[in-house]
Amino acid sequence: MRFFPLLLLLAGQAAAFPAAASPPGASSCSGCHGPPGGAVPSLAGHSAEDIAASLAAFRTGARPATVMNRIAKGFSDQESRAIADWIAGGGQ
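Residue positions are given per chain, counting from 1 as you read along its sequence in written order. Local features in this predicted model are restricted to residues whose pLDDT is 70 or higher, and side-chain atom pairs enter the listing and the counts only when it is 80 or higher, whereas totals over whole chains, interfaces and linings include all residues. Only heavy atoms go into the side-chain values, all of them from the structure, while hydrogens and water stay out.

Some details on the environment of Arg59
Strands here mean DSSP runs of E at least two residues long; helices mean DSSP runs of H or I at least four residues long; both are numbered from the N terminus. Summarising the element assignment, Arg59 is placed in helix H3 (residues 48–60). Buried means the residue's accessible area, taken with a 1.4 Å probe over protein chains only, is under 20% of the maximum for its type, while exposed means over 50%, and partly exposed covers the values in between. The class for Arg59 is buried, based on a relative accessible area of 19%. Between the alpha carbons of Arg59 and Arg70 there is a distance of 7.4 Å; along the sequence they are eleven residues apart.

Let's talk about the nonpolar core
It is characteristic of soluble globular proteins that their nonpolar side chains tend to be buried jointly. Buried Ala, Val, Leu, Ile, Met, Phe, Trp, Tyr and Cys residues form a nonpolar core when they are joined through side-chain atoms within 4.5 Å. Core analysis: the largest hydrophobic core is formed by 16 residues, its most contacted members being Ile51, Ile83, Ala84 and Ile87. With five residues, the single largest contributor to this core is H3. Contacts were defined at the residue level, with two residues in contact if any of their heavy atoms lie within 4.5 Å. Ignoring any residue separated from it by four or fewer positions in sequence, one finds Ala84 in contact with Ala48, Ile51 and Ala52.

As for helix H5 (residues 77–88)
Helix length check: H5 (twelve residues) gives 16 Å between terminal C-alpha atoms against 16 Å at 1.5 Å per residue, within 8%. Those residues of H5 lying buried are Ser80, Ile83, Ala84, Trp86 and Ile87. Each buried residue of H5 sits inside an arc of 165° when the element is viewed along its axis, so together they form one side. Residues of H5 that are exposed and angled more than 90 degrees away from the buried face: Asp77 and Gln78. The secondary structure elements touched by the buried residues of H5 are helix H2 (26–30) and H3. Helix span, expected: 1.5 Å multiplied by one less than the number of residues in the helix. Directions are taken from the helix axis to each C-beta atom, and the arc is the one they span.

A closer look at H3
Here H3 contains 13 residues, and its C-alpha end-to-end distance of 18 Å stays within 8% of the 18 Å for a straight helix at 1.5 Å per residue. What H3 keeps buried is the set Ala48, Ile51, Ala52, Leu55, Ala57, Phe58 and Arg59. Against helix H4 (68–72) and H5 lie the buried residues of H3. After H3 finishes, the residue Gly61 shows a positive phi value of roughly 90°.

From the geometry alone we can't say anything about function, so treat these as descriptive.
Take a look at the structure:
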C-alpha cells in the first residue's frame, strides 16, 4: 500500500515525458522498471512472451504480488501484449 503513492508519482513523471509510440499504460511499467541496477528489476532483455505471461499471471493472481497484481488488472490481454512488445523492443 505504501508503494502506491510512489507509483502514482513516478507514473505522473513518466507521463510528463512520454516516450514516442509507447502504448497506453506503458508508463505504469517504465515508471518503476528502469535500467539494470535500479531498485526495481529491469525488464531489459526479457522477451515479449515472458512479459505478457507475467502480466497475465499477475492479473489472475497466479503470481502473487502486492503492486503488480493491481497494475496488471488494469490491462486487457491486448493492452498487455502491446506493452510487452514495446518493452521487449527496447521501450523504456
